[in-house]
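Listed below are the residues making up each chain.
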Amino acid sequence: MVSKHEMTAKDSAGRVTGTDRVKRGLAEMLRGGVIMDVVTPEHAKIAEDAGAVAVMALERVPADIRRDGGVARMSDPALIEAIKAAVTIPVMAKARIGHFAEAQILQALQVDYIDESEVLTPADEAYHIDKWGFEVPFVCGATNLGEALRRISEGAAMIRSKGEAGSGNIVEAVRHLRSVLGDIRAIATCDATERYGWAKQLQAPVGLVQEIAETGRLPVPLFCAGGIATPADAALVMQLGAEAVFVGSGIFKSEDPAVRARAIVEATAHFRDPEILVKVSRGLGTPMKGAEISTLETRLAERGW
Amino acid sequence: MAAEPKRAAPGRAVVVAAPVIGVLALQGDVSEHVGMLQALGVGVAEVRLPRDLAGVDALVLPGGESTTLQLLLEAAGLRDVIAARIAAGMPVLGTCAGMILLATTVLDGRPDQWSFGAIDLAVRRNAFGRQVASFEEDLDLAGIGGGPLHAVFIRAPVVETVGSGVEVLATISMSDDGAHPVACRQGRVTVTAFHPELVGDHRLHELLVADAAAVTAHQVPRSSGSGAGRRRH
């Protein structure tokens, strides 16, 4: 296992909280599900009604952040509280990369997961948040295995592909998943000496590389984010090896969010069943428009390291 | 106690013809349950559609989000067929969300929350609060040997009231009003508020396998589904 510096605590009944196991455990329970970006309590209700396993509370979906420009920050606590009050499922929220004060505020708000996210404007050019210092679990984005392992070494309890948020284009998420999972498959078959070379190449702790070599999987759940707009997109990334999906702009920037949300939930559950994929893909209305990656002014996936 | 598991070599259930245990595989920590059952040497089938249920002798309802699982159970046409199998005596094990799905009454649920009503309990969702209150604790299991079970509670439910036919296997003290059941059993329905599958403690899965073996032993020859294709993994 990882060398841990976890910040566990005891609750009023003397029970141990904030352990690595309970942090990763919530991610395990979300597997096979869809986590949806929502910007109002009404959106949150629509997401829960459609079968979301969790919602991500934020002020603007990534497509609007991209359109509006300026600095994107943590959401207003009042918005997060209103969304928490609206649903019974877990509520996540985003902090800027390296902005541990935003993360402290989100922990005090008792969100269920913090996304240290490249969708917001980074606050620190050298360091991500020391996530072991929190009781609330963190999810972080990654474009490759080295980045994923650096985030895990900092305490992330879930990794998601970065993809290219707000693009409606799945190509970057596919690239990131193939990179992470391809390297995991290579490490699982390399010899013991080569593991040191992998650690050097990935700029990642050798202990984590050794753990992957022994288990053949990332030490924490691997979800997909960034560009999912259709049920077929969800089925694609699940078949590639993602364990759950985040959908940001893809639902509430489409013509009929409630119907599309429900369809993506069913597609994620039945991702290997083409008959069900046909059924849920039919007549969903117009998806979000999306964009060629080469036309984007800002590449969000390049934020973080 | 109705069906004490056969305690043979540690971690192994001794059964003559291994039953096939289904794991509801729509959402949640499915692979942990599959891995636990495979380690016990039984057949394991992932259940996503009604046809998957035909060949299974018992069913695990895993941890996950109960609201999501309900929607997916109805969409897949599984709600009625699982209810009918449970009514006909199929053994079931539900952990966390699975416990919510099996209880007769769900408190703090959505207005449209339904449940199978397979075990006479009133269960409160998210009873300990949000994720920062998720915790680990050792529990004593009444009537099941092998020492304390290391229990992991994730945004866990708790049992508020139990019916007269329900056996309480473990309790936990809540700061407000004393002991609450977190593991219960009625007939061949076993539920836990925690996740034995996250720590690899096989004892409750052994209980399910023993239940399944007891049922199949009384139903020989099987009415259907006992031929090729039962074993999926």
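Parameters at a glance
Residues numbered from 1 in each chain as written. Chains lettered and ligands numbered in written order. Predicted model: local features only at pLDDT ≥ 70, side-chain atom pairs only at ≥ 80, totals over all residues. Heavy atoms only, no water. 1 Å grid on protein atoms, 1.4 Å probe; cavity = no way out; pocket = protein on both sides within 12 Å on 5 of 7 lines; lining within 4 Å. Points joined across faces, edges and corners; volume = space filled by probe spheres on them. Helix = DSSP H or I, 4+ residues; strand = E, 2+ residues; numbered from the N terminus. Nonpolar A, V, L, I, M, F, W, Y, C, P; charged D, E, K, R; others polar. Expected span 1.5 Å × (residues − 1). Buried < 20%, exposed > 50% of the residue type's maximum accessible area, 1.4 Å probe, protein only. Axes fitted to C-alpha atoms, helices over the stretch in contact; angles between N-to-C directions. Parallel < 35°, antiparallel > 145°, perpendicular 65-115°, else oblique. Contact = heavy atoms within 4.5 Å. Buried area = accessible area lost by both parts, 1.4 Å probe. Salt bridge = Lys/Arg side-chain N within 4 Å of Asp/Glu carboxyl O. Polar contact = N/O pair within 3.5 Å; in protein donor to acceptor, adjacent residues only side chain to side chain. Pairing = 2+ DSSP bridges. pLDDT = per-residue confidence, 0-100.

Draft legend 1. Expanded view of the layout of surface pockets. As a volume, the largest pocket reaches approximately 850 Å³. Counting only elements with at least two residues in the lining of the largest pocket, the list comes to α7 (171-189), α10 (231-240) and α12 (257-269) of chain A together with α1 (30-39) and α2 (50-53) of chain B. Residues of the lining of the largest pocket, tallied by class, amount to 14 nonpolar, eight polar and 10 charged.

Draft legend 2. Layout of α7(A). Helix length check: α7(A), at 19 residues, gives a terminal C-alpha distance of 27 Å against a target of 27 Å (1.5 Å per residue), a fit within 8%. Looking only at α7(A), the buried set comprises Glu172(A), Ala173(A), Val174(A), His176(A), Leu177(A), Val180(A), Leu181(A), Asp183(A), Ile184(A) and Ile187(A).

Draft legend 3. Up close: the packing of α12(A) against helix α3 (residues 66-75) of chain B. Between α12(A) and α3(B), the shortest axis-to-axis distance is 11 Å and the interhelical angle comes to 80 degrees. It follows that α12(A) is roughly perpendicular to α3(B) by the angle criterion. On the side of α12(A), the interface is formed by Arg262(A), Val265(A), Glu266(A) and Ala269(A), while α3(B) contributes Leu71(B), Leu72(B) and Ala75(B). Taken together, the residues of the contact of α12(A) with α3(B) sort by class into five nonpolar, no polar and two charged.

Draft legend 4. Seen up close, unusual backbone geometry. The backbone of Gln203(A) shows a phi angle near 55 degrees, a positive value even though the residue is not glycine. Assignment of secondary structure puts Gln203(A) in the loop between α8 (192-202) and α9 (206-215). Here the phi dihedral of Arg155(B) falls at roughly 40 degrees; this positive angle occurs in a residue that is not glycine.

Draft legend 5. Fine view of the interface of chain B and chain A. Between chain B and chain A, the residue contacts involve 45 residues of the former and 42 residues of the latter. Of all residues in chain B, Arg130(B), Gln131(B) and Val132(B) bury the most surface against chain A, accounting for 21% of the area lost on that side. Inspection of the region where chain B meets chain A yields seven salt bridges. The salt bridge involving Arg155(B) is made with Asp112(A); its shortest N-O contact spans 3.0 Å. Here chain B and chain A share 21 residue pairs in polar contact (both at pLDDT 80 or more) between them. Elements with a minimum of two residues in the side of chain B that touches chain A: α1, α3, β7 (135-139), β8 (149-153), β10 (167-174) and α6 (196-199) of chain B. For the side of chain B that touches chain A, the leading source of residues is α3(B), giving five residues. Partitioned by chemical class, the residues of the side of chain B that touches chain A number 18 nonpolar, 14 polar and 13 charged. Inspection of the sheet shows strand β2 (residues 16-17) of chain A paired to β7(B) by two bridges, in the antiparallel sense. Of the residues in β7(B), the one forming a bridge with Thr17(A) is Phe135(B).

Draft legend 6. Fine view of the sheet that holds strand β5 (residues 91-96) of chain A. All names here are of chain A. Judged by pairing direction, the sheet is parallel, and its eight strands sit side by side in the order β9-β8-β7-β6-β5-β4-β3-β10 without closing on themselves. In this open sheet, the two strands that pair with only one neighbour each are β9 (222-223) and β10 (245-247). The pairing of strand β8 (residues 158-161) with β9 spans two bridges and is parallel. Bridge pairing links Arg160 to Phe223 in β9.

Draft legend 7. Summary view of the sheet that holds β8(B). Sheet architecture is open: four strands sit in the order β1(A)-β2(A)-β7(B)-β8(B), paired in antiparallel fashion. Since the sheet does not close on itself, it has two edges, and those belong to β1 (9-10) of chain A together with β8 of chain B, each with one partner. Pairing between β7(B) and β8(B): five bridges, direction antiparallel. Within β8(B), the position partnered with Leu139(B) by the bridge is Leu149(B).

Draft legend 8. Geometry of the confidence of the model for chain B. Residue and element names in this part refer to chain B. For chain B, per-residue confidence averages 89 on the pLDDT scale, and 86% of positions sit at 70 or higher. In the model, residues 1-9 has pLDDT below 50 throughout and makes 16 contacts with residues more than four positions away in sequence or in other chains. Taken together, the stretch residues 222-233 has pLDDT below 50 and engages in 21 contacts with residues farther than four places along the chain or on a different chain. Among the scores for the predicted complex, ipTM is 0.94 and pTM is 0.92.

Draft legend 9. Structural view of empty space enclosed by the protein. Within the structure shown, the criterion is met by two cavities of 30 Å³ or more. Taken as a whole, the largest cavity holds about 190 Å³ of empty space. Pro62(A), Ala165(A), Ala225(A), Gly226(A) and Gly248(A) are the residues nearest the centre of the largest cavity, which is lined by 23 residues in total. When contributions to the lining of the largest cavity are tallied by element, the ones reaching two or more residues are β10 and α11 (249-252) of chain A. The class makeup of the residues in the lining of the largest cavity is nine nonpolar, eight polar and six charged. Of the voids in this model, the second largest cavity is the one considered here, and its volume is about 110 Å³. Lining of the second largest cavity is provided by Leu26(A), Met29(A), Gly64(B), Glu65(B), Ser66(B), Cys96(B), Ala97(B), Ile100(B), Arg125(B), Asn126(B), Ile154(B) and Arg155(B). For the lining of the second largest cavity, the secondary-structure elements that each account for two or more residues are α1 (20-29) of chain A together with α5 (97-102) of chain B. Class assignment of the residues belonging to the lining of the second largest cavity gives a composition of six nonpolar, three polar and three charged.

Draft legend 10. Here's a closer look at the pattern of salt bridges. All names here are of chain A. Tallied over the full model, the rule gives 36 salt bridges over all chains. Arg31 is the salt-bridge partner of Glu28, the closest N and O atoms lying 2.3 Å from each other. Owing to a relative accessible area of 11%, Glu28 belongs among the buried residues under this scheme. Judged by its relative accessible area of 6%, Arg31 is buried. With its nearest N and O atoms 3.0 Å apart, the salt bridge here joins Arg160 to Glu118. One end of the pair, Arg160, is in strand β8; the other, Glu118, is in the loop between β6 (113-117) and β7 (138-142), and 42 residues separate them in sequence. The pair formed by Arg160 and Glu118 is uniform in burial state, with each residue classed as buried.

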